[in-house]
Amino acid sequence: MTDTNVSFVRTEQIPPSPPPAAEAGIVKWMRENLFSSILNTVLTVIAAYVIIRLLMGIVPWFANGVWEAGSMRECRDILAGASGACFAVLVDRWDHLLFGFKYPPEAYFRIVIALVLLLVAALPVLFQTVPRKLLLFTGLYPFIAYWLIWGGSLWTPLMLLALFVLTAMVYRLIGEQISTDMRKIAAAVVGLIAGVGLAYLLFIGAGELGFIANSIGTSGALNTVAYGAFWLMSGFTYLFFIPMGIFVGYAIYNSYEGGGLVSVVTALLFLYAALTFVFGPVSDGLASVVGLELQAVASRDLGGFVLNMILGTVCVSLSIPLGIALALGRQSDMPLIKGVCVIFIEFIRGVPLITLLFVANVMLAYFMPPESNFDLVLRVIIMITAFSAAYIAEVIRGGLAALPKGQYEAADSLGLNYAQATRLIILPQALKISIPGIVNVAVGLFKDTTLVSIISMFDLVGMIRGPIQNATEWIGVYWEVYGFGAMLFFVVCYGISQYSQWLERQLQTDHH
Amino acid sequence: MKKSVILGAFAVAGLSAGMAAAGTLDDVKARGQLNCGVTTGVPGFAEPDANGVWQGFDVAVCRAVAAAVLSDSNAVQFVPTTGKTRFTALASGEIDMLARNTTWTFSRDVDLKFEFTGVNYYDGQGFMIPKELGVSSAKDLDGATVCIQTGTTTELNLADFFRSNNISYEPVPIETGAEAVQQYTAGACDVYTTDASALAAQRANFEDPDAHVIMPEIISKEPLGPLVRHGDNEWGDIVRWTLNALITAEELGVTSANLAELAGGTNNPEINRLLGTEGDLGGMLGLDGDWAERAIGVAGNYGEIFATNIGEETPIGLARGLNAQYTDGGLIYSPPFR
């Protein structure tokens with residue numbers, strides 16, 4: 001039974017009334033997010049107090065900032081006791097902070113061009129949609145950048161480029177384009193040369209070990225142990241240099257049927273011989289005919305943020321392929337390769353980077369002849385690359401381990417050989433998993449390049465800590481220069497981080 | 001370009017490392033450049049200016065040696081070193097001499113096998129404290145926190161001083177002078193101790209220099225001077241007598257203004273011997289007769305170098321004090337040129 005005696009029935013809906021003031025807009029957001037409980041209210045008040053105090057300190061400091069002054073004293077006179085930054089130091093020394101204090105100012109534009117070209121060269125590597133033909137430019141970029149930054153004769157990088165191309169051609173020729181009989185002859189010759197060369201190197205090395213032992217001497221227990229150890233190594237090397245040479249030479253000769261080892265060794269021998277005997281005279285000769293010279297700049301004269309950029313870019317781009325090779329090597333079935341990779345990775349990971357840098361800076365000088373001018377920047381690049389390669393190898397090993405076993409078996413069942421399976425099936429998936437880890441290492445590595453300031457190289461931090469803070473005009477400057485340095489690093493590192501997140505979204509294949 | 005040198009370096013190392021090194025003088029002449037170790041920056045003593053050119057009191061010694069040996073005061077490769085890398089850089093042959101306000105001590109001279117070629121600045125370790133602490137003697141600093149640079153002789157002197165006075169302190173170890181000043185002015189430590197010259201230089205640049213006092217006690221002897229490796233006495237002699245030439249020039253009144261005139265010959269036989277118009281002192285060093293004239297010509301005599309870089313007219317504002325000529329009651333004294 002329903003009551004039919006209804007006196008009023010609404011015929012249309014009431015329009016929705018606006019929510020109460022306390023439940024809308026900014027008030028609601030604040031109630032929910034800032035004052036939802038007593039604890040949150042207390043925390044909000046404390047945080048607001050801290051933020052306001054910080055802003056009270058920082059805002060006037062920025063707003064009063066002095067941009068035009070010749071020294072810290074003039075800054076203080078202009079400020080007349082008020083709190084304020086002395087940004088004049090940045091105006092005075094911006095070029096030193098960016099380029100180092102010894103790079104010739106008239107050549108700054110070369111570095112700027114090199115950095116702009118770096119962006120172009122990086123495009124095809126970073127973005128799949130960019131035309132693939134640009135990769136050719138990426139391949140040429142290292143030679144262009146070397147010429148722009150270090151200067152000297154253009155023939156040096158051109159000749160190097162030509163040598164690399166020729167080496168690749170030799171590799172293809174020996175490996176793929178000649179008959180097995182021809183390769184057998186080549187293998188015999190190359191095996192003989194490599195065997196004799198190795199034996200010679202070991203012979204020299206044995207002498208060097210003895211020389212080191214003698215220079216250590218026997219004063220003190222530790223020295224005596226080192227002395228004995230070096231002489232023992234020297235003795236072993238003397239004992240085995242001929243058998244090792246024969247063994248390696250024969251192994252190379254024996255591999256002529258597969259062709260892989262023979263072509264690699266031939267190409268390396270070719271590269272070595274060309275660099276040693278042909279490179280210098282020919283590039284000097286060409287330079288004397290047609291100059292094409294830029295003002296040469298020594299490695300020691302590099303500095304500032306550019307040095308951090310050079311070290312970061314070079315070391316990251318070298319250590320990723322090296323890291324992949326180490327990670328694959330560590331998973332290898334061949335005990336020698338696996339052993340070498342494991343020892344390398346574990347040794348490098350067990351030693352702090354700063355120790356490696358000290359070795360690069362001071363210890364190597366003891367072992368080298370006094371006049372051998374083994375470039376300091378090159379030494380540092382080798383050390384940092386080795387360091388980050390070991391870490392990247394472990395990151396990629398994580399990616400490899402995360403792949404289901406079925407992927408390896410599927411690759412095998414398709415009849416792919418090891419190289420094909422790795423290139424087409426394993427690495428694309430493993431690298432995708434490893435992206436966050438690799439980027440993490442890369443960002444960390446870029447920031448670690450500031451450690452070179454400890455071995456008295458004037459990178460950005462070295463410039464700040466050394467010449468700028470100790471300049472007679474700028475004694476007492478602190479936050480301005482470090483803030484500037486932090487800003488530069490933040491821009492680059494945040495950019496890398498954003499790119500890697502974008503890349504992860506691009507490579508997402510599991511559509512949820 | 002000799003890129004092959006890099007590739008073959010390890011192989012070649014075995015061959016050439018065994019050969020006896022030639023004399024440093026010959027190496028420097030063959031290279032056409034003097035490798036001189038300096039600091040990464042100490043105000044007034046060694047600092048690159050806004051144009052990137054090294055300036056300073058220690059730098060002047062390097063330039064004088066380069067002028068004496070190579071006739072070019074700019075033929076110097078300044079190799080910046082830190083307190084930790086300076087001795088290995090010299091021992092390994094990366095640099096030919098070190099002019100990096102380094103204290104001459106027994107163990108550095110004997111055990112580390114270096115040869116100090118003289119003293120270009122007599123320093124001593126002092127203390128700076130804020131005036132408001134109201135302390136008048138360093139012996140009243142019991143329990144103080146002390147900002148101190150690591151890896152220097154000051155660290156050891158500090159420990160000795162507090163131990164011998166039976167008082168305690170808490171060290172705040174710091175890497176560079178600039179950081180030490182920042183920590184001190186921020187109140188992270190009560191006392192800042194380092195060489196008195198550096199204290200004076202840094203105090204002069206404080207926002208309020210009068211709020212800080214330097215204690216009267218000087219707790220150590222810090223004779224700072226250039227040094228070379230043991231075992232190459234010819235090279236050591238050149239560095240030693242170049243420094244002595246600068247000092248003697250001040251004593252004899254030879255300045256950059258009257259140098260050219262005096263080099264023409266004078267009635268004073270010692271000036272004549274110094275500037276090579278009499279005798280053959282340069283030849284005995286393996287240099288030519290004008291070596292000292294060139295060395296003095298770079299930036300003047302010792303007194304002029306002092307005045308332009310760290311003297312009372314500069315922002316560093318150091319008085320000559322112990323570093324006056326012995327004739328003026330200081331310790332600066334050169335053996336005779338005879």
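By the naming in an unreviewed UniProt entry, chain B goes by Amino acid ABC transporter substrate-binding protein and is assigned to Actibacterium mucosum KCTC 23349. UniProt lists a comment for chain B under the heading Sequence similarities (unreviewed entry), and it reads "Belongs to the bacterial solute-binding protein 3 family."

Identification of chain A as Amino acid ABC transporter permease from Actibacterium mucosum KCTC 23349 is taken from an unreviewed UniProt entry. Under the UniProt heading Sequence similarities (unreviewed entry), the entry covering chain A gives this text: "Belongs to the binding-protein-dependent transport system permease family. HisMQ subfamily."

Chemist: How would you sum up the overall build of chain B? Please name residues and give values.
Modeler: Within chain B one finds 14 helices and 13 strands. Against the 2.2 N^0.38 benchmark of 20 Å for 338 residues, chain B shows a C-alpha radius of gyration of 22 Å, consistent with a compact globule. Looking at chain B as a whole, 54% of its 338 residues are labelled buried. Of all intrachain contacts in chain B linking residues separated by at least 6 positions in sequence, the fraction that spans at least 24 positions is 70%. Carbon and sulfur atoms make up 51% of the accessible area of chain B, which amounts to about 13,800 Å² in all. Positive and negative charge centroids in chain B, built from 21 and 43 side chains respectively, lie 6 Å apart.

Chemist: Talk me through the overall build of chain A; I want residue IDs and the actual numbers.
Modeler: Secondary structure summary: chain A contains 18 helices and 2 strands in total. A globule of 512 residues ought to have a C-alpha radius of gyration of about 24 Å, yet chain A, at 32 Å, is considerably larger. In chain A, which comprises 512 residues, the proportion classed as buried is 40%. For chain A, long-range pairs separated by at least 24 residues make up 70% of all intrachain contacts whose partners lie at least 6 apart in sequence. Carbon and sulfur atoms form 71% of the exposed surface of chain A, whose accessible area is close to 28,800 Å². Across chain A, 26 positive and 30 negative side-chain charges occur, with their mean positions spaced 4 Å apart.

Chemist: Explain the sheet that holds strand β9 (residues 144–149) of chain B to me, using residue names and the numbers behind them.
Modeler: All names here are of chain B. The sheet built from 5 strands is open, its strands ordered β10-β9-β11-β8-β12 with mixed pairing. The outermost strands of the open sheet, each flanked by one partner alone, are β10 (169–174) and β12 (212–214). Adjacent strand axes in the sheet meet at a mean angle of 30 degrees when their direction is disregarded. Direction of pairing for strand β8 (residues 125–130) relative to β12: antiparallel, over a ladder of 3 bridges. The residue bridging Ile 129 from the neighbouring strand is Val 213, located in β12. Running over the sheet, helix α6 (residues 153–164) touches β8, β9, β10 and β11 (191–195) and is turned about 155 degrees from β9. Sitting on the sheet, helix α7 (residues 177–185) is in contact with β8, β9, β10, β11 and β12, with an inclination near 155 degrees to β11.

Chemist: Any chance you could break down the nonpolar core for me, citing the residues and the numbers?
Modeler: Ranked by internal contacts, the top residues of the largest apolar core, which has 93 residues, are Leu 34, Val 69, Met 97 and Trp 235 of chain B. Other than its neighbours up to four places away in sequence, Trp 235 of chain B contacts Thr 24, Leu 25, Val 28, Leu 34, Val 65, Val 69, Asp 96, Met 97 and Val 228 of chain B. Ranked by size, the runner-up nonpolar core spans 62 residues in total, among them Ile 348, Leu 356, Val 377 and Ile 381 of chain A.

Chemist: Explain empty space enclosed by the protein to me, and be specific about the residues and the numbers.
Modeler: Tallying each qualifying case throughout the model produces 5 cavities of 30 Å³ or more. Roughly 750 Å³ of internal volume is contained in the largest cavity. Taken together, 42 residues form the lining of the largest cavity, with Val 42, Arg 100, Gln 149, Thr 152 and Gly 177 of chain B sitting closest to its centre. Of all elements in the fold, only α17 (460–468) of chain A together with β5 (97–103), α6, β11, α8 (196–204) and β13 (222–229) of chain B reach the threshold of two or more residues within the lining of the largest cavity.

Chemist: Tell me about the pattern of salt bridges, and name the residues and values.
Modeler: All names here are of chain B. Scanning the model with the defined rule gives 17 salt bridges over all chains in all. For Arg 240, the salt bridge goes to Asp 237, with nearest N and O atoms at 3.1 Å. Of this pair, Arg 240 and Asp 237 both sit in helix α9 (residues 233–252), 3 residues apart, which is roughly one turn of that helix. We classify Arg 240 as partly exposed; its relative accessible area is 22%. Judged by its relative accessible area of 29%, Asp 237 is partly exposed.

Chemist: If you had to explain the domain arrangement of chain A to someone new, which residues and values would you point to?
Modeler: Domain annotation of chain A identifies domain 1 (18–62), domain 2 (92–103 + 301–511) and domain 3 (152–294). Taken over C-alpha atoms, the centre of domain 2 of chain A sits 27 Å from the centre of domain 3 of chain A.

Chemist: I'd like a rundown of the environment of Asp 109 of chain B, residues and numbers included.
Modeler: Residue and element names in this part refer to chain B. Note on placement: Asp 109 falls in helix α5 (residues 106–110). Taking the relative accessible area as the measure of exposure, Asp 109 reaches 18% and is therefore buried. Here the alpha-carbon distance between Asp 109 and Phe 206, two residues 97 residues apart in the chain, equals 36 Å. For Asp 109, the residues in contact, after removing those within four places along its chain, are Trp 104, Phe 114, Glu 115, Phe 116 and His 230.

Chemist: I'd like a rundown of the interface of chain B and chain A, residues and numbers included.
Modeler: Taken together, the contact pairs 51 residues of chain B with 45 residues of chain A. Overall, the association of chain B and chain A removes approximately 4,500 Å² of surface from exposure, summing both partners, and the carbon and sulfur fraction of that is 60%. On the surface where chain B and chain A come into contact, there are 2 salt bridges. Put simply, Glu 94 of chain B and Arg 300 of chain A hold a salt bridge, and the shortest N to O gap is 2.7 Å. The interface formed by chain B and chain A includes 6 residue pairs in polar contact (both at pLDDT 80 or more). Looking at the side of chain B that touches chain A, the elements with two or more residues in it are α1 (3–16), α2 (24–31), β2 (47–48), β4 (76–81), α4 (86–91), α7 and α8 of chain B. Top contributing element to the side of chain B that touches chain A by residue count: α1 of chain B, with 9 residues. Considered class by class, the residues forming the side of chain B that touches chain A number 22 nonpolar, 19 polar and 10 charged.

Chemist: Give me the packing of aromatic side chains: which residues, what numbers.
Modeler: All names here are of chain A. Under the defined criterion, the tally for this structure stands at 44 aromatic pairs over all chains. Measuring from ring centre to ring centre gives 5.4 Å for Trp 61 and Phe 62, while their planes differ by 90 degrees; the resulting arrangement is edge-to-face. Take Phe 62: its relative accessible area is 48%, and that puts it in the partly exposed class. With a centroid separation of 5.8 Å and 80 degrees between ring planes, the pair formed by Phe 127 and Tyr 499 is classed as edge-to-face.

Chemist: Quick rundown of the packing of helix α11 (residues 304–330) of chain A against helix α14 (residues 376–402) of chain A? Include the residues and the values.
Modeler: The description of two helices packed together rests on the angle between their axes and the distance between the axes. Residues and elements named next belong to chain A. Two numbers describe how α11 lies on α14: the axes approach to 6 Å, and their chain directions differ by 45 degrees. For the element pair α11 / α14, the angle class is oblique. Where α11 crosses over α14, the two elements pack in a sense that is right-handed. Of the residues assigned to the contact of α11 with α14, the class counts are 20 nonpolar, 4 polar and 3 charged.

Chemist: With reference to specific residues and values, describe helix α4 (residues 88–99) of chain A.
Modeler: In this model, α4 of chain A (12 residues) spans 18 Å end to end at C-alpha, consistent with the 16 Å of a helix rising 1.5 Å per residue. Buried within α4 of chain A we find Ala 88, Val 89, Leu 90, Arg 93, Asp 95, His 96, Leu 97 and Phe 99 of chain A. Those residues of α4 of chain A hidden inside the fold are in contact with α3 (72–79), α5 (108–126), α11, α17 and α18 (479–506) of chain A together with β2 of chain B. At the C-terminal side of α4 of chain A, Gly 100 of chain A shows a positive phi close to 85 degrees.

What counts as what
- Residues numbered from 1 in each chain as written.
- Chains lettered and ligands numbered in written order.
- Predicted model: local features only at pLDDT ≥ 70, side-chain atom pairs only at ≥ 80, totals over all residues.
- Heavy atoms only, no water.
- UniProt positions renumbered as here; feature names shortened; annotations may be inferred.
- Helix = DSSP H or I, 4+ residues; strand = E, 2+ residues; numbered from the N terminus.
- Rg over C-alpha atoms; globule rule 2.2 N^0.38 Å.
- Buried < 20%, exposed > 50% of the residue type's maximum accessible area, 1.4 Å probe, protein only.
- Contact = heavy atoms within 4.5 Å.
- Areas by Shrake-Rupley, 256 points an atom, 1.4 Å probe, with all protein chains shown as cover.
- Lys, Arg positive; Asp, Glu negative; His and termini not counted.
- Charge placed at Lys NZ, Arg CZ, Asp CG, Glu CD.
- Pairing = 2+ DSSP bridges.
- Axes fitted to C-alpha atoms, helices over the stretch in contact; angles between N-to-C directions.
- Core = buried A, V, L, I, M, F, W, Y, C linked by side-chain atoms within 4.5 Å.
- 1 Å grid on protein atoms, 1.4 Å probe; cavity = no way out; pocket = protein on both sides within 12 Å on 5 of 7 lines; lining within 4 Å.
- Points joined across faces, edges and corners; volume = space filled by probe spheres on them.
- Salt bridge = Lys/Arg side-chain N within 4 Å of Asp/Glu carboxyl O.
- Domains from an automatic or database assignment.
- Buried area = accessible area lost by both parts, 1.4 Å probe.
- Polar contact = N/O pair within 3.5 Å; in protein donor to acceptor, adjacent residues only side chain to side chain.
- Nonpolar A, V, L, I, M, F, W, Y, C, P; charged D, E, K, R; others polar.
- Phe/Tyr/Trp six-rings, centres within 6.5 Å; stacked < 30°, edge-to-face > 60°.
- Parallel < 35°, antiparallel > 145°, perpendicular 65-115°, else oblique.
- Left-handed = near helix turned anticlockwise from the far one by under 90°.
- Expected span 1.5 Å × (residues − 1).

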